[in-house]
Amino acid sequence: MLFENMPVITGEEVESGLRFSAEQVVRNLPEFTYKFQKAYSVDGFYEPIENNYWTTGFWTGEIWLAYEYMKEAGDAAAERLRAAGEIQIDSFLERIERKIEVDHHDMGFLYSPSCVAGYKLIGSKKGREAAIKAADQLITRYHPVGEFIQAWGPMDAPENYRLIIDCLLNLPLLYWASEETGDGKYREIAEKHIHTAVKNVIREDYSTWHTFFFNMETGAPDHGATCQGYRDGSAWARGQAWGIYGCALAYKYTGRKEYIENFKHVTQYFLEHLPKDMVPFWDLEFTDGDDQPRDSSSASIAACGMLEMIKSMEPEDAAVYKKYAMQLMKSVYDNYAVKDETESNGLVLHSTYSNHSPYNTCNHYGVDECNSWGDYFYMEALTRLHKDWALYW
Ligand code: GLY
């Protein structure tokens, strides 16, 4: 086993990390009830934004995770959190009705941890309505010829005719919508996309492509390319982490055993390319000694994927991946998590959103900062270690 001697997070550390996180969310409510946290902090502090970016669902997801924790603890703050979550759901309903910045595939990131969560936890009817509308929006991006959901940009442009690995996390919204409405069309599209994505984004050595293009006329696979990774042939750390969690969810929803094998392979590649403290650099090309930023969010995302996958594994395998998840979270908790609210209004430092390199096409922002999803998945991973969590995805 890799990292044989790395310590695992203890029950007390899980509890303390969760308590601090829930309290930090409560401290943030005055500023972030009618507003949302920006995707990334600047010098450790998030600014408030309107509900108009692909990441705002993560902040609402943190509110719901904090609500769950505080409710269980019998803390009066639970009611404030619930009220804030409902206010945010109103905003998500308005956003999807007015189609504000929803012409992309991130409907799951937006609507699962906010509206599906609110529906599951408190029976929010508005949450249900908003999430079904978001699922309707998401399936408008499906290409029947290529059999995938297009990530970004206008649907009729060959230069946009691609999927991205991140989208695997957007598909549980479609399974949920089929379950809720009794209409199988959402599930059928999700299944086609999963199959096309997994078949093409995983390379022979089990590293992954961030994005993959198809031929617009024939739908045939064309080529992989990065956007946020260091270079085309490298493995963007968060893409690999989305792949780990994505394969676990693909198995959960399809029951196809091949996705467990895919999970094992992409996880192995991730683990083999981690530095000594197990928290990856922003691209798995880099390791100890490289002067490059980390992406702590990838560690928490990968841990969540492992903790989901072990539910369907034989005990021997489950023990192995549970240990890895607990080691990852120990390192994030010890070395990356915010412990003092004067240092940051976020939860986890040293995450990287979009790091421009000479070989990629992305903008440069949110580098070595808190990232909204890094905070959300940190809380999700701790919650998964704390109890048998009913997932929002
Ligand atoms: N889904 C975009 C990102 O992970 O940065």
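Below: a short report on this structure. (Residues numbered from 1 in each chain as written. Predicted model: local features only at pLDDT ≥ 70, side-chain atom pairs only at ≥ 80, totals over all residues. Heavy atoms only, no water.)

**Digging into the overall build of the chain**
A tally of helices and strands in the chain yields 12 helices and nine strands. For the chain, the C-alpha radius of gyration of 19 Å lies close to 21 Å, the compact-globule estimate for 393 residues. Here the C-alpha coordinates of the chain stretch approximately 60 × 50 × 45 Å along the principal axes. Looking at the chain residue by residue over its 393 residues, the buried ones come to 62%. Nonlocal contacts in the chain, meaning residues at least 24 apart in sequence, comprise 68% of its contacts between residues at least 6 apart. Counting only carbon and sulfur atoms, one obtains 48% of the accessible surface of the chain, whose full area is about 14,800 Å². The chain carries 37 positive and 60 negative side-chain charges, and their two centres are separated by 5 Å. (Helix = DSSP H or I, 4+ residues; strand = E, 2+ residues; numbered from the N terminus. Rg over C-alpha atoms; globule rule 2.2 N^0.38 Å. Buried < 20%, exposed > 50% of the residue type's maximum accessible area, 1.4 Å probe, protein only. Contact = heavy atoms within 4.5 Å. Areas by Shrake-Rupley, 256 points an atom, 1.4 Å probe, with all protein chains shown as cover. Lys, Arg positive; Asp, Glu negative; His and termini not counted. Charge placed at Lys NZ, Arg CZ, Asp CG, Glu CD.)

**Observations regarding the layout of surface pockets**
By volume, the largest pocket amounts to about 440 Å³. Looking at side-chain class alone, the lining of the largest pocket contains 11 nonpolar, seven polar and six charged residues. (1 Å grid on protein atoms, 1.4 Å probe; cavity = no way out; pocket = protein on both sides within 12 Å on 5 of 7 lines; lining within 4 Å. Points joined across faces, edges and corners; volume = space filled by probe spheres on them. Nonpolar A, V, L, I, M, F, W, Y, C, P; charged D, E, K, R; others polar.)

**Section: the site of the ligand**
By nearness alone, every residue bordering the ligand is listed as Trp54, Asp166, Gln228, Trp236, Arg238, Trp242 and Tyr353. Between the ligand and Asp166, the relevant distance is 2.6 Å, taken from a nitrogen atom to a side-chain nitrogen or oxygen of the residue. Within the side chain of Arg238, one N or O atom sits 2.6 Å away from an oxygen atom of the ligand. Contact with the protein chains removes 96% of the 190 Å² of surface that the ligand exposes when unbound. Here the ligand occupies the largest pocket. Classifying every residue of the shell around the ligand gives four nonpolar, one polar and two charged. (Near = heavy atom within 4 Å. Polar contact = N/O pair within 3.5 Å; in protein donor to acceptor, adjacent residues only side chain to side chain. Sits in = over half its atoms within 2 Å of the grid points.)

**Remarks on unusual backbone geometry**
In the Ramachandran plot, Asp43 falls in the positive-phi region, its phi being about 50° despite a non-glycine side chain. For Asp43, the position within the fold is in the loop between strand S1 (36-37) and strand S2 (48-49). We classify Asp43 as exposed; its relative accessible area is 67%. Despite not being glycine, Lys99 shows a phi value in the positive range, around 50°. Tracing the backbone shows Lys99 in the loop between helix H3 (77-97) and helix H4 (107-122).

**Here's the deal with the pattern of salt bridges**
Applying the stated criterion across every chain yields a total of 24 salt bridges. In this structure, Glu308 engages Lys311 in a salt bridge whose closest nitrogen and oxygen atoms are separated by 2.9 Å. Look at Glu308 and you get buried, because its relative accessible area is 5%. Glu308 serves as the salt-bridge partner of Arg384, at 2.9 Å between the closest nitrogen and oxygen. Pair noted here: Arg384 is in helix H12 (residues 372-386) and Glu308 is in helix H10 (residues 296-309), with a separation of 76 residues, a long-range link. Several salt bridges converge on common partners, so that one network encompasses Glu308, Lys311, Glu380 and Arg384. (Salt bridge = Lys/Arg side-chain N within 4 Å of Asp/Glu carboxyl O.)

**Considering the pairing of strand S6 (residues 211-214)**
Of the two faces of S6, the one lined by Thr211 and Phe213 and the one lined by Phe212 and Phe214 are each fully buried. Looking at chain direction, strand S5 (residues 162-164) and S6 are connected through three bridges and run antiparallel. Bridge pairing in S6 links Ile164 to Thr211. Hairpin geometry of S6 and strand S7 (residues 221-225) is characterised by an intervening segment of six residues between the two adjacent antiparallel strands and by a positive phi of about 80° at Gly219. (Pairing = 2+ DSSP bridges.)

**Topic: the environment of Trp64**
Topologically, Trp64 is positioned in helix H2 (residues 56-72). In sequence terms Trp64 and Ala78 are 14 residues apart; their C-alpha atoms lie 9.3 Å from each other. Among residues more than four places away in sequence, those in contact with Trp64 are Arg82, Gly85, Glu86, Ile89, Pro113, Ser114, Ala117, Gly118, Leu121, Ile122 and Tyr392. Looking at Trp64, its side chain comes within polar contact range of the main-chain oxygen of Ser114, at 2.9 Å.

**What about helix H5 (residues 125-139)?**
Counted at 1.5 Å a residue, the expected span for H5 with its 15 residues is 21 Å, and the 22 Å between its end C-alpha atoms agrees. Regarding H5, the residues found buried are Gly127, Ala130, Ala131, Ile132, Ala134, Ala135, Gln137, Leu138 and Ile139. Where the residues of H5 are buried, they touch H3, H4, strand S3 (142-143), strand S4 (148-149), helix H6 (172-181) and helix H7 (185-201). (Expected span 1.5 Å × (residues − 1).)

**Thoughts on empty space enclosed by the protein**
One water molecule sets the probe size; rolling that probe over the atoms shows where empty space is left. Applying the stated criterion to the full structure yields three cavities of 30 Å³ or more. Forming the walls of the largest cavity are Leu168, Leu171, Pro172, Tyr175, Ile194, Gly246, Leu249, Ala250 and Tyr253. Those elements giving two or more residues to the lining of the largest cavity turn out to be H6 and helix H8 (237-254). Looking at the lining of the largest cavity residue by residue, the class counts come to eight nonpolar, one polar and no charged.

Don't take any of this as a statement about function, it's just geometry.
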